[in-house]
Amino acid sequence: MEFKKVVLLGGGVLGTQIALMSAYTGHDTTIWLRSEGSIGRAEPKIEYFKKEILKALGESKSLIGNPLGGYLYPKALIRDWNGMTAEKIDELHAEVEKNMNEKLHLELDAEKALKDADIVIEAMTEDPKQKIELYEKFRDLFDEKTILCTNSSTLLPSTFAEYTGRPEKYMALHFANEIWRYNTAECMGHEGTDPAVYDDVVRFAEEINMEPIKLHKEQPGYVLNSLLVPLLDAGSALWAKGVADPETIDKAWRLATGAPAGPFKIMDVVGLKTVYAIVSMKEDAKDPDSLNHKILTMIGEKVEKGELGVASGKGFYTYDE
């Protein structure tokens, strides 16, 4: 492994998943959190996603002997399907469970968390002001070697590069939700990113069993969200206008396209706090007469009730623990 110490800034839905996959693949991994309260909120997410990862690994046994097993196996969890047996999966299960238990750490002390880090991935809320404050606060704590990435879903790295103190070692590395199933890692630099650093980040993505999606230039929303966000916006608009309820909208999309999930199930996976933050940045979100303001209000009501999506057990749908 080239990257021996990995640090996540933030323990939200994606931050915990990235950290777990980093530990899963044997990397010493630390999640930096702001407060004891943040630890209390992060720990249930870690346990939930750890359980889901191990469940998916165990379920892969059913693919042994299946002619399509080589296409369907969870590629983020098993590096090589050739010659795979139930016994080998059991051995891997024991190894990676140990990794996730022993190689993942939570830390409140930023200086201690960042010391000797090979790569730091910022996975904070989609709030430009908060990101800038964080970068300016931590810029003098990074080691010279440290590569800094943002997992921002919508914001461009060029927006923040000057605030990091290391623009040549800064870029975006964006993951999809349920990364143990959908193992993409979108790699997007800005004009000042050192090409060698870009290549290093691509290698890191491969080290944690991701499939690097290499962007040649900056694009708001990368590849994935450039395709996905219009779907979520269209579903939200139908709901806010009263055209149909979320379950019906999702059903129409699933049945007509064969997709496993509709826009509201996807929003539950993303997390409604993140969805709320993204909608709040739309130009007309503060205009009480706009449709986006209505959407923001309706999602905000769910957030206020603690209905945050899959991670909280309830969003647009209710989920078993």
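Residues numbered from 1 in each chain as written. Predicted model: local features only at pLDDT ≥ 70, side-chain atom pairs only at ≥ 80, totals over all residues. Heavy atoms only, no water.

1. So, the overall build of the protein
Helix and strand content of the protein: 12 helices and eight strands. Relative to the 2.2 N^0.38 estimate, which gives 20 Å for 321 residues, the radius of gyration of the protein is 20 Å and therefore close to what a compact globule would have. Its C-alpha atoms give the protein principal-axis dimensions of about 55 × 50 × 40 Å. The burial tally for the protein puts 50% of its 321 residues in the buried class. Counted over contacts in the protein with a minimum sequence separation of 6, partners at least 24 positions apart contribute 67%. Looking at the protein as shown, the accessible area adds up to about 15600 Å², and 52% of this sits on carbon and sulfur atoms. (Helix = DSSP H or I, 4+ residues; strand = E, 2+ residues; numbered from the N terminus. Rg over C-alpha atoms; globule rule 2.2 N^0.38 Å. Buried < 20%, exposed > 50% of the residue type's maximum accessible area, 1.4 Å probe, protein only. Contact = heavy atoms within 4.5 Å. Areas by Shrake-Rupley, 256 points an atom, 1.4 Å probe, with all protein chains shown as cover.)

2. So, the packing of aromatic side chains
Applying the stated criterion across every chain yields a total of 10 aromatic pairs. Taken together, a centroid distance of 5.1 Å and an interplanar angle of 75° make the contact between Y48 and F49 edge-to-face. A relative accessible area of 4% means that F49 is categorised as buried. With 5.1 Å between their ring centres and 85° between their planes, W239 and F316 make a pair best called edge-to-face. With W239 in helix α8 (residues 224-240) and F316 in the segment after α12 (291-304), the pair connects residues that are 77 residues apart, well separated along the chain. F316 carries the same exposure label as W239, and that label is buried. In textbook terms, an aromatic cluster arises when at least three aromatic residues are bridged by ring pairs, as seen for Y48, F49 and W180. Looking at K75, its charged tip hangs above the ring of Y73, at a distance of 4.5 Å from the centre. (Phe/Tyr/Trp six-rings, centres within 6.5 Å; stacked < 30°, edge-to-face > 60°. Lys NZ or Arg CZ within 6 Å of the ring centre and 35° of its normal.)

3. Describing the packing of α8 against helix α10 (residues 263-270)
Two numbers describe how α8 lies on α10: the axes approach to 9 Å, and their chain directions differ by 115°. In terms of axis orientation, α8 runs roughly perpendicular to α10. The way α8 lies across α10 gives a crossing that is left-handed. Residues L228, L231, L232, G235, S236 and W239 of α8 form the contact with α10, whose participating residues are P263, F264, I266 and M267. For the contact of α8 with α10, the per-class residue count stands at eight nonpolar, two polar and no charged. (Axes fitted to C-alpha atoms, helices over the stretch in contact; angles between N-to-C directions. Parallel < 35°, antiparallel > 145°, perpendicular 65-115°, else oblique. Left-handed = near helix turned anticlockwise from the far one by under 90°. Nonpolar A, V, L, I, M, F, W, Y, C, P; charged D, E, K, R; others polar.)

4. Let's talk about the pattern of salt bridges
All chains considered together, the criterion is met by 16 salt bridges. Between K145 and D116 there is a salt bridge, with the nearest N and O atoms lying 2.9 Å from each other. Separated by 29 residues along the polypeptide, K145 in the loop between α6 (128-138) and β5 (147-150) and D116 in the loop between α5 (110-114) and β4 (119-122) bring together distant segments of the chain. Judged by its relative accessible area of 42%, D116 is partly exposed. Across the salt bridge formed by E178 and R181, the nearest N and O atoms sit 3.4 Å from each other. One salt-bridge network, in which partners are shared between bridges, spans K302, K305, E307 and K314. (Salt bridge = Lys/Arg side-chain N within 4 Å of Asp/Glu carboxyl O.)

Purely spatial values, then, with no claim about function.
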